[in-house]
Amino acid sequence: MSPKNSSIYLSIADIQIDLKSPLSSAELRIDGLLEPFFGKSQNPAGRILLEWEESSEILQGEGELVYDPGVIWRMFKNGEAWCAEISYADRTAACRKEEVRCLLFADNSWDRVTLTERRFGHGWHSLLALGAGELMVRSAMVLSDGIVLHAAGIDDNGHGIVFSGHSGAGKSTQLDFWIHEPGVIPMTDDRVAIRTLGKGGAVCYGTPWGGMPHIASNHSVPLKALILLEQDVENRMTLLSPEKAAAMLACRAFLPYWDRSLMQRAFSNLDRLVKNTPVYLLRCRAEPSVVDFVRSVL
């Protein structure tokens, strides 16, 4: 018999999620991807009180549609709250409503959230381990002086290096070059959370979301440099001005386009980040020698 009220604690990028659910983590099927992130944060920068509930009804976004990126999810404004509809379905299909997996209801501060899901189909698992959880953490990061980048991250002997780029720019290739170096800890290959510090500088964190789940590490390290990737025939590394860096990073960040005030916070965090952390443009060949080259510049 399922427990009537399971308490599950997660810590992702120092965002503590207190989950209340009638199902255990095993029954939610989140153990595999989220297991490294189970537990409470010692010094949380943000906290989300999350209630999980099940529905047997067809799910559909509630309120006014305010943002629709065209795939996976869309956001509704529901009174003073937000409602994200996550489907992973072809919205041109007649059966789209049948395939909506969950509704995520959140207040403006993203600290009280309800996740409503339908359990159906072979291999069902809660989207807390995928899009729903990521959306919560991305929003909570913005409200706690941070941002999430499309990036790979490593701890190079106590120094955080984040490689950011669009798909195909070489993030995973860079990770392959660095991963076997002595003292290097890979954190994630696709989603890096970064939080600026009041005294200056920043910290980068691994997250559960990426193309290679076995690399997703619950690890943090002071950020030494952000490196924007471009492929080239020669190795060149250029320090960018804060203005240029902010513009290029904004294109590689996961921004809350549905909320004007949250967008302002995100750009404020980004501005603080580039003023306190060096950002480089790395044009390079896809070969292992780039590791020594980057270290020589940093």
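Above this note sits the structure.
Computed from a predicted structure; not experimentally measured.

This part is about the overall build of the chain. Of regular secondary structure, the chain possesses 7 helices and 16 strands. Radius of gyration (C-alpha) of the chain: 20 Å, near the 19 Å computed for a compact globule of 298 residues. Based on the C-alpha atoms only, the size of the chain along its principal axes is roughly 60 × 40 × 40 Å. Going through the 298 residues of the chain one by one, you find that 52% of them count as buried. Put simply, of all contacts in the chain between residues at least 6 apart along the chain, 63% involve residues at least 24 apart. Accessible area for the chain stands at about 13,300 Å²; split by element, carbon and sulfur atoms hold 50% of it. Taking the average place of the 30 positive charges on the side chains of the chain and the average place of its 36 negative ones, the gap between the two points comes to 3 Å.

What follows is about the pattern of salt bridges. Pairing is possible between side chains that carry opposite charge, provided their charged atoms lie close to one another. Tallied over the entire structure, the rule returns 14 salt bridges. Linking Asp18 and Arg47 is a salt bridge whose minimum nitrogen-to-oxygen distance equals 2.5 Å. Of the two residues, Asp18 is situated in strand β2 (residues 15-21) and Arg47 in strand β3 (residues 46-54); the sequence distance between them amounts to 29 residues. By relative accessible area, which is 6% here, Asp18 ends up buried. Among the ionic pairs, Glu287 bridges to Arg285, the shortest N-O distance being 2.7 Å.

Before going further, it helps to examine the environment of Ala246. With respect to the helices and strands, the residue Ala246 is situated in helix α5 (residues 242-250). If near-sequence neighbours (up to four positions away) are discounted, Ala246 is found in contact with Leu270 and Val274.

So, on to the side chain of Arg191. Tracing the backbone through its elements, the reader meets Arg191 in strand β12 (residues 191-196). Judged by relative accessible area, Arg191 falls into the buried class, the value being 16%. With sequence-adjacent residues up to four places away left out, Arg191 is seen in contact with Glu134, Val148, Leu149, His150, Ala151, Tyr205, Thr207, Trp209 and Phe254.

Right, let's get into the sheet that holds strand β6 (residues 81-86). Reading across the sheet, the 8 strands line up as β1-β2-β3-β8-β7-β6-β5-β4 and stay open at both edges, with mixed pairing between neighbours. Two strands lie at the open edges of the sheet, namely β1 (6-12) and β4 (64-67), each paired on one side alone. In this sheet, neighbouring strand axes are inclined to one another by 25° on average, regardless of whether the strands run parallel or antiparallel. Where β2 lies against β3, 6 bridges are found, and the strand directions are parallel. Of the residues in β3, the one forming a bridge with Gln16 is Arg47.

Here we come to helix α4 (residues 171-178). Every buried residue belonging to α4 is among Lys171, Gln174, Leu175, Phe177 and Trp178, and all of these are buried. Mapping the buried residues of α4 onto a view down its axis gives an arc of 160°, with all of them on the same face. Buried residues in α4 make contact with β9 (146-156), β10 (159-164), β11 (184-188), β14 (220-231), β16 (279-284) and α7 (290-297).

So, on to the nonpolar core. Ranked by size, the top nonpolar core spans 73 residues in total, and within it Leu50, Trp110, Leu128, Ile194 and Leu226 carry the most contacts. For this core, the leading source of residues is helix α3 (residues 131-142), giving 7 residues. Apart from residues lying up to four places away in sequence, Leu226 is in contact with Leu149, Val162, Ile194, Leu249, Leu273, Thr277, Pro278, Val279 and Tyr280. One finds Ile154, Ile161, Phe163 and Val290 within the second-largest nonpolar core, a separate group that totals 19 residues.

On to the pairing of strand β13 (residues 202-206), then. Of all the 5 residues making up β13, 5 are buried; the element is thus mostly covered by neighbouring parts of the structure. The alternating pattern of β13 places Ala202, Cys204 and Gly206 and Val203 and Tyr205 on opposite faces, both of which are buried. Pairing analysis gives 5 bridges linking β12 to β13, with the strands arranged antiparallel. Paired with Ala193 across the two strands is Tyr205, which belongs to β13. Taken together, β12 and the strand that follows it, β13, pair antiparallel across an intervening segment of 5 residues, in which Gly200 is found at a positive phi of about 105°. Examined bridge by bridge, β13 and β14 share 3 bridges and lie antiparallel to one another. Its bridge partner being in β14, Val203 is matched across the sheet by Pro222.

What counts, and where the lines are drawn
Residues numbered from 1 in each chain as written. Predicted model: local features only at pLDDT ≥ 70, side-chain atom pairs only at ≥ 80, totals over all residues. Heavy atoms only, no water. Helix = DSSP H or I, 4+ residues; strand = E, 2+ residues; numbered from the N terminus. Rg over C-alpha atoms; globule rule 2.2 N^0.38 Å. Buried < 20%, exposed > 50% of the residue type's maximum accessible area, 1.4 Å probe, protein only. Contact = heavy atoms within 4.5 Å. Areas by Shrake-Rupley, 256 points an atom, 1.4 Å probe, with all protein chains shown as cover. Lys, Arg positive; Asp, Glu negative; His and termini not counted. Charge placed at Lys NZ, Arg CZ, Asp CG, Glu CD. Salt bridge = Lys/Arg side-chain N within 4 Å of Asp/Glu carboxyl O. Pairing = 2+ DSSP bridges. Axes fitted to C-alpha atoms, helices over the stretch in contact; angles between N-to-C directions. Arc of directions from axis to C-beta. Core = buried A, V, L, I, M, F, W, Y, C linked by side-chain atoms within 4.5 Å.

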